[in-house]
Amino acid sequence: MAEQLPEHPDFLWRTPEPKRSYDVVIVGGGGHGLATAHYLAKNHGITNVAVLEKGWLAGGNMARNTTLIRSNYLWDESAAIYEHALQLWEGLEEDLGYPILFSQRGVLNLAHGEQDVRDSVRRVQANRLNGIDAEWLGPDEVAKLCPIVNVSDQIRYPVHGATYQPRAGIAKHDYVAWGFARSADAAGIDLIQDCEVTGFRTDGDRVTGVRTTRGEIACGQVALCAAGHTSVLLDLLGVRAPLQSHPLQALVSELLEPVHPTIVMSNAVHVYVSQAHKGELVMGAGVDAYNGYGQRGAFHIIERQMAAAVELFPVFARAHLLRTWGGIVDVTPDASPIVGHTPYANVYLNCGWGTGGFKATPGLGWCLADTLAHARPHPFLAPFALDRFVTGALVDEHGAAAVAH
Amino acid sequence: MQLIRCPWCGPREEVEFHYGGQAGVAYPADPAALSDEDWARYVFVRDNPKGRFEERWSHAAGCRRWFTAVRDTATYRFER
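Per chain, the residues get numbers from 1 upward, laid out in the order the sequence is written. Here chains are named by letter from A upward and ligands by number from 1 upward, in the order in which they appear as written. In keeping with the predicted nature of the model, local features appear solely for residues at pLDDT of at least 70, side-chain atom pairs appear and are counted solely at 80 or more, and the whole-chain, interface and lining totals rest on all residues. Remark: hydrogens and water are excluded; side-chain values derive from all non-hydrogen atoms of the structure.

**Re the packing of aromatic side chains**
Only rings of Phe, Tyr and Trp enter the pairing, Trp through its six-membered ring, and a pair is recorded when the two centres are within 6.5 Å. The plane angle decides the type: under 30 degrees is stacked, over 60 is edge-to-face, the rest tilted. Scanning the model with the defined rule gives 17 aromatic pairs over all chains in all. A centroid spacing of 5.0 Å and a plane angle of 65° characterise the contact between Tyr19(B) and Trp57(B), whose relative ring orientation is edge-to-face. Placement of Tyr19(B) in strand 3 (residues 18–22) and of Trp57(B) in strand 4 (residues 52–58) is noted, with a sequence separation of 38 residues between them. Of the two residues examined, Tyr19(B) and Trp57(B), each falls in the buried class. Among the aromatic residues, ring-to-ring pairing joins Tyr290(A), Tyr19(B), Trp57(B), Tyr76(B) and Phe78(B) into one connected group. Whether a charge lies above a ring is judged from NZ of Lys or CZ of Arg, which has to be within 6 Å of the ring centre and within 35 degrees of the ring normal. The ring of Tyr157(A) carries the charged tip of Arg156(A) above its face, separated from the ring centre by 4.3 Å. The positively charged end of Arg71(B) is found above the aromatic ring belonging to Tyr290(A), 4.3 Å away from the centroid. Secondary structure follows DSSP: runs of H or I at least 4 residues long count as helices, runs of E at least 2 residues long count as strands, and numbering of each begins at the N terminus. Working definition: with a 1.4 Å probe on protein chains only, accessible area under 20% of the residue-type maximum means buried, over 50% means exposed, and in between means partly exposed.

Structure (structure tokens):
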């Protein structure tokens, strides 16, 4: 049997044994961890780095998101980091020398009520002041851009208009991860899979070693990029952060002809949908209400999501659901990430991206690498420090971005 | 659909319930004495374990009473 199979294609990265010590240990081999490794090497020449992954590279949320990329956030702090990311996305294929199928097909964020309209127009103005492309469109213009949206006033939540960011888009998430991994590996960074962190060796206010299922590894600095499992790591360190892990589900239809030219998001009825390059309709649902680490969610969440999607897009009624899956998202009280210092001087936190971490991947990687290289938060990350929950300087993106990112 | 056991109504479908998060979070006994750090902890920080978790649920579409249940956050299984 085996001799009938074709040769395995070339591997994009090595499978090294962990060394005894690294200058930087990144915990979590998802998009954020791999991007941080890439920029540590590329921008700062720091290559004595290990990325530790308890499963396989980019097998968590990086493989489970709906691949939406946009930067039309309300607050200046969010706009800065997400727009920085979007600009990096625009040159990422060249930077990585690897195809990522980045397609800037624009995003429509629908408004369904008077307050929705006011909030949306406000966000358009805020985006423009931050140099981010944004327009307000009426229902007719929405229908012109995306003819399959039901803009009739006969539905439960009629479409009153939408914000439009033309530069938003989608990318193939696996290729993005593989591109970052290949680049980091080529620079000499060790990507170590099947290596779960089980504890930390501390000395005063420093972490001197990381205990793993593949032995103890000494470290100069540690960056925690573990998304939904961040609380599990912080519990090992005795650090408390306002994070709650929830299941978040997504789904795809069978392959269809091109019917959906853009991205449509509706926070009110909880639909976000685009059509992948291959032809599947890709849709995201809302989080399950309860805390969960199971990488699966309840079916009634999918059912509710489908009901809303079919009303907004009547043409979907005859599409078949091909598969659903779940990831674990770490949600913060203000729907903004937590990045920066921890009580340990050489440990940096990167978590709380909740339902929207994918789009930030290159921006976060760039800024976290800079943070590690200079041992202080990059200016774009400074507003997202853990201590904002004490000072009260929250970055409240609930109203602006709502739960769907 | 997962069945959740309401202590008063018995097993009912999950959609009838409302989740209330971590159980046993008491209102501060002396609020005026709290530091900013203490307030942040009380308002924002909750446990987030992978595994056994004591939490509040309300049978919102039934008897509307609150109860405490123990659930495993990795398997989603209720202990009782």
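Once the structure has been displayed, the description carries forward.
**Brief notes about the pairing of strand 1 (residues 21–27) of chain A**
Residue and element names in this part refer to chain A. In terms of residue burial, strand 1 counts as a mostly covered element, since 5 of its 7 residues are buried. A pair of strands is labelled paired if DSSP reports no fewer than 2 bridges between them. Bridge analysis of strand 1 against strand 11 (residues 215–224) gives 6 bridges, and the strand direction is parallel. Note that in strand 11 the partner of Ser 21 across the bridge is Ala 218. Where strand 1 meets strand 2 (residues 49–52), 4 bridges bridge the pair, whose relative direction is parallel. Looking at the pairing, Val 27 lines up with Leu 52 of strand 2. In terms of handedness, the path from strand 1 via helix 1 (residues 31–44) over to strand 2 forms a crossover that is right-handed. Here a crossover is taken to be right-handed if, once the strands point away from the viewer, the path from the first strand over the helix to the second is traced clockwise.

**Overview of the sheet that holds strand 3 of chain B**
All names here are of chain B. Reading across the sheet, the 3 strands line up as 3-4-5 and stay open at both edges, with antiparallel pairing between neighbours. Strand pairing shows two members of the sheet lacking a second neighbour, strand 3 and strand 5 (66–72), which therefore form its edges. Ignoring which end each strand starts from, the neighbouring axes of this sheet average 35° apart. Two elements, strand 3 and strand 4, share 3 bridges in a ladder whose sense is antiparallel. Within strand 4, the position partnered with Gln 22 by the bridge is Glu 55. To define axes, lines are fitted to C-alpha atoms, for helices over the stretch in contact only, and angles between the resulting N-to-C directions are given on a 0 to 180 degree scale.

**Some words on the environment of Pro333(A)**
Along the chain, the position of Pro333(A) falls in the loop between strand 16 (321–331) and strand 17 (338–341). A C-alpha to C-alpha distance of 34 Å links Pro333(A) and Ala41(A), two positions 292 residues apart in sequence. For this analysis, residues touch if any pair of their heavy atoms sits within 4.5 Å. Leave out the neighbours within four places in its chain, and Pro333(A) touches Pro242(A), Phe389(A), His398(A) and Phe44(B).

**With respect to the environment of Gly209(A)**
Residues and elements named next belong to chain A. Its location among the elements puts Gly 209 in strand 10 (residues 206–212). Judged by its relative accessible area of 0%, Gly 209 falls in the buried class. Along the sequence, Gly 209 and Leu 110 sit 99 residues apart, while their C-alpha atoms lie 48 Å from each other.

**Considering helix 5 (residues 173–186) of chain A**
Residue and element names in this part refer to chain A. Each residue after the first adds 1.5 Å to the expected span of a helix. The end-to-end C-alpha distance of helix 5, which contains 14 residues, comes to 20 Å, matching closely the 20 Å that a straight helix rising 1.5 Å per residue would cover. Along helix 5, the residues classified as buried are His 173, Val 176, Ala 177, Gly 179, Phe 180, Ala 181, Ala 184 and Asp 185. Against the buried residues of helix 5 lie helix 1, helix 2 (76–96), strand 8 (190–192) and helix 8 (361–374).

**Describing the sheet that holds strand 13 (residues 263–266) of chain A**
Either a parallel or an antiparallel arrangement is found when strands of a sheet pair, and the pairing is made through backbone hydrogen bonds. All names here are of chain A. Here we have 8 strands laid out as an open sheet, ordered 5-6-4-13-14-15-12-16, and mixed in their pairing. The open sheet is flanked by strand 5 (135–137) and strand 16, the only strands paired with a single partner. With direction set aside, neighbouring strand axes in the sheet form an average angle of 20°. Of the pairings in the sheet, the one linking strand 4 (residues 107–111) to strand 13 comprises 3 bridges and is parallel in character. In the strand pairing of strand 13, Leu 108 is matched with Val 264.

Keep in mind these values describe shape, not function.
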